Amino acid sequence: MDILFLQQKLKEEKEAKRAHLDGRHDYILSIVASCADLEKAEVEDAILEGTRIDRIDKFFAVGGFHHLMFYYQDVEASEAGLGPAGANPHSAKHKKAKVFITEGKDVALTGICVFFIRCNPSKAITPENVHQVNLKKCDTFDLKNLKGPADYLVAANSMETLEPVETCMKVWIKQIEQVIAENDQLRKEADDLGPRAELGYWKRRLSKFDYLLDQLKTSDVKAALGVLTAAKSKLLKSWWELDSRITDATNEAKDNVKYLYTLEKCCDPLYNSDPVTMVDAIPGLIHAIKMIHSISRYYNTSEKITSLFVKVTNQMITACKAYITKNNTATIWDQPQDEIIEKIHAAIRLKQHSSLAAAAIPVQDQC
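Keep in mind that what you see is a predicted model, and the values were worked out from it rather than measured.

Q: Please provide a residue-by-residue account of the overall build of the chain, values included.
A: When helices and strands are counted, the chain shows 13 helices and three strands. Expected size for 367 residues packed as a compact globule is a radius of gyration near 21 Å; at 27 Å, the chain overshoots this value by more than 25%. Counting only contacts in the chain whose residues sit at least 6 apart along the sequence, the fraction spanning at least 24 positions is 75%. Per element, the accessible surface of the chain, about 21600 Å² overall, is 56% carbon and sulfur.

Q: How would you summarise the nonpolar core if you had to cite specific residues and measurements?
A: Proteins that are soluble and globular tend to have nonpolar side chains buried together. Among the nonpolar cores identified, the biggest contains 33 residues, and Leu-143, Met-169, Trp-172, Ile-176 and Trp-239 are the most heavily contacted of them. Listed by contribution, the elements that provide at least two residues to this core are helix H5 (149–156), helix H6 (159–184), helix H7 (195–215), helix H8 (219–230) and helix H9 (235–272). Here this core gets nine residues from one element, more than from any other, and that element is H6. Beyond its immediate sequence surroundings of up to four residues, Ile-176 is in contact with Leu-135, Leu-212, Leu-216, Trp-239, Leu-242 and Ile-246. By size, the runner-up hydrophobic cluster in this structure holds 29 residues, among which are Val-279, Leu-285, Tyr-299 and Ile-305.

Q: Tell me about the packing of aromatic side chains, and name the residues and values.
A: A full pass over the atoms with the stated rule returns five aromatic pairs. For the pair Phe-59 and Phe-60, a centre-to-centre distance of 6.1 Å together with 55° between the ring planes defines the contact as tilted. The burial state of Phe-59 is the same as that of Phe-60; both residues are buried. For the ring pair Trp-172 and Trp-239, a centre distance of 6.4 Å and an interplane angle of 50° mean the geometry is tilted. Taken together, the positions of Trp-172 in helix H6 and Trp-239 in helix H9 put the pair 67 residues apart, joining distant regions of the chain. The burial state of Trp-172 is the same as that of Trp-239; both residues are buried. Positioned over the ring face of Tyr-271 is Arg-196, at 3.8 Å from the centre of the ring.

Q: Lay out the environment of Glu-182 with the relevant residues and their values.
A: Relative to the helices and strands, Glu-182 resides in helix H6. A residue is classified by how much of its surface remains accessible, and Glu-182, at 32% relative accessible area, is partly exposed.

Q: Give me the lowdown on a negative patch on the surface, citing residues and values where you can.
A: Together, Glu-39, Glu-42, Asp-191 and Asp-192 make up a region of like negative charge exposed at the surface. By secondary structure assignment, the location of Asp-192 is in the loop between H6 and H7.

Q: How would you sum up the pattern of salt bridges? Please name residues and give values.
A: When charged atoms on two side chains of opposite charge get close, those side chains can pair. Following the criterion strictly, the structure yields 18 salt bridges and no others. Close ionic contact of Asp-139 with Lys-136 constitutes a salt bridge, the shortest N to O distance being 2.9 Å. Taking the relative accessible area as the measure of exposure, Lys-136 reaches 43% and is therefore partly exposed. Between Glu-198 and Lys-311 there is a salt bridge; the shortest N-O distance is 3.3 Å. One end of the pair, Glu-198, is in helix H7; the other, Lys-311, is in helix H12 (residues 302–324), and 113 residues separate them in sequence. Overall, Glu-198 belongs to the buried group, its relative accessible area being 1%. Salt bridges sharing common partners tie together Arg-18, Asp-26, Lys-40, Glu-44, Asp-45 and Arg-204.

Q: Break down the environment of Lys-95 for me, with residues and values.
A: Mapping Lys-95 onto the fold places it in strand S2 (residues 92–102). Note on Lys-95: relative accessible area 57%, which makes it exposed. With 172 residues separating them along the chain, Lys-95 and Cys-267 place their C-alpha atoms 44 Å apart. Beyond its immediate stretch of four places on either side in the chain, Lys-95 contacts Asp-74, Val-75 and Glu-76.

Q: Which residues make up the packing of H9 against helix H11 (residues 282–295), and what values go with them?
A: Where H9 contacts H11, the two axes come as close as 9 Å, and the packing angle between them is 165°. Considering their axes alone, H9 and H11 lie roughly antiparallel with respect to each other. Relative to H11, the crossing made by H9 is left-handed. The segment H9 lies against H11, with Tyr-259, Thr-262, Leu-263, Cys-266, Cys-267 and Leu-270 engaging Ile-282, Gly-284, Leu-285, Ala-288, Ile-289, Ile-292 and Ile-295. The class makeup of the residues in the contact of H9 with H11 is 11 nonpolar, two polar and no charged.

Q: Before we move on, could you go through the confidence of the model for the chain and cite the residues and values that matter?
A: Parts of the prediction with low pLDDT should not have their coordinates interpreted in detail. Summarising the model, the chain shows a mean pLDDT of 85, and 91% of its residues fall at 70 or more. Under a pLDDT of 50 for its full length, residues 78–92 has, in the predicted model, 15 contacts with residues more than four places off or in other chains. Residue range residues 363–367 is modelled with pLDDT below 50. Its contacts to residues more than four positions away, or to other chains, number 11 contacts.

Q: Let's hear about the side chain of Glu-44: which residues, and what values?
A: Structurally, Glu-44 can be placed in helix H3 (residues 40–49). Once you skip the residues sitting within four places of it in the chain, Glu-44 turns out to touch Arg-18, Leu-21 and Leu-29.

Q: Residue-level account of the side chain of Lys-40, with values.
A: Following the sequence through the fold, Lys-40 ends up in helix H3. Setting aside its immediate chain neighbours within four residues, Lys-40 contacts Asp-26, Leu-29, Ser-30 and Ala-33.

Q: Could you give an account of unusual backbone geometry, with specific residues and numbers?
A: Not every positive phi belongs to a glycine, and Lys-232 is a case in point at roughly 55°. Turning to its location among the elements, Lys-232 is positioned in the loop between H8 and H9. Accessibility expressed as a relative area gives 73% for Lys-232, which makes it exposed.

Reading the values: rules and limits
Residues numbered from 1 in each chain as written. Predicted model: local features only at pLDDT ≥ 70, side-chain atom pairs only at ≥ 80, totals over all residues. Heavy atoms only, no water. Helix = DSSP H or I, 4+ residues; strand = E, 2+ residues; numbered from the N terminus. Rg over C-alpha atoms; globule rule 2.2 N^0.38 Å. Contact = heavy atoms within 4.5 Å. Areas by Shrake-Rupley, 256 points an atom, 1.4 Å probe, with all protein chains shown as cover. Core = buried A, V, L, I, M, F, W, Y, C linked by side-chain atoms within 4.5 Å. Buried < 20%, exposed > 50% of the residue type's maximum accessible area, 1.4 Å probe, protein only. Phe/Tyr/Trp six-rings, centres within 6.5 Å; stacked < 30°, edge-to-face > 60°. Lys NZ or Arg CZ within 6 Å of the ring centre and 35° of its normal. Patch = residues over 30% accessible without salt bridge, like charges linked within 9 Å, V, L, I, M, F, W, Y side chains within 5 Å. Salt bridge = Lys/Arg side-chain N within 4 Å of Asp/Glu carboxyl O. Lys, Arg positive; Asp, Glu negative; His and termini not counted. Charge placed at Lys NZ, Arg CZ, Asp CG, Glu CD. Axes fitted to C-alpha atoms, helices over the stretch in contact; angles between N-to-C directions. Parallel < 35°, antiparallel > 145°, perpendicular 65-115°, else oblique. Left-handed = near helix turned anticlockwise from the far one by under 90°. Nonpolar A, V, L, I, M, F, W, Y, C, P; charged D, E, K, R; others polar. pLDDT = per-residue confidence, 0-100.

Dropping the structure here:
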């Protein structure tokens, strides 16, 4: 009984930590998962089980840590066979790969290290700015000295000026290519995410690309482009291709956020209702998804609509499980039989209503 109590307590503490996570943690853990070739949910669970998650928060805070380090490697664990009076004569050690936060001093690196560095600890890392990419300042030449077309032409005809400007542009191109490469990576998501996660994903994308697009319009970038245009630099072709891709990615995220916001209210019952009352909200939800598929410029693909339906179904399943188990506090064997049967029937009715509502969409409107 004590063991069960301890397990329940640990589970509650873990879920309390999980509730504290936001877009900043999601961004950091997604990168760790990608580097270690793991699912993000697996990395998240490992970090929540550890005792150093506070280091992440201190990394985000004003004046906080300058770096944050994760190891993914084999660690020793104990398999204990407890004997009389708590003795442990059969203790055996085995190794298991695990993700954990470290200062880099207490444990030697034998596997993968993922390292994050803060350029400006005087500014807090927020859910809004964690995705933002700052184009590197041009250290080799002060672009603010160039005031207009006449200065651009003079700079273009001087190798002492043109070379550092081209060097700066190459750095920017590399930074933008990295952002686009991350954007093009296959999304790795937990299998049980609900529809709110879809809106959160596109809001983060919009924040990242909107901020980057604003940087492409700064005076420094305009000056560099003026010089390279006057010099007919070969770098311009790559730059304008990247500019076009960033603009398109920003427009896609903006459009998707706009339409998914209209869906948000329709999704609230999936999170706030039980299967009995949720049934009434299903037709409106399905109709809203149908409208997004019909009207949206970017979100009307089979891949995106199917992913959205999967997330809606995930949240229904989560709600049904919580309803049947009283928010994971009771098994079906702990409750009266007639009560459990009624709950299961309610879950089945929800499934049937959602299937009928989806089937009612005309074939040409389905993805």
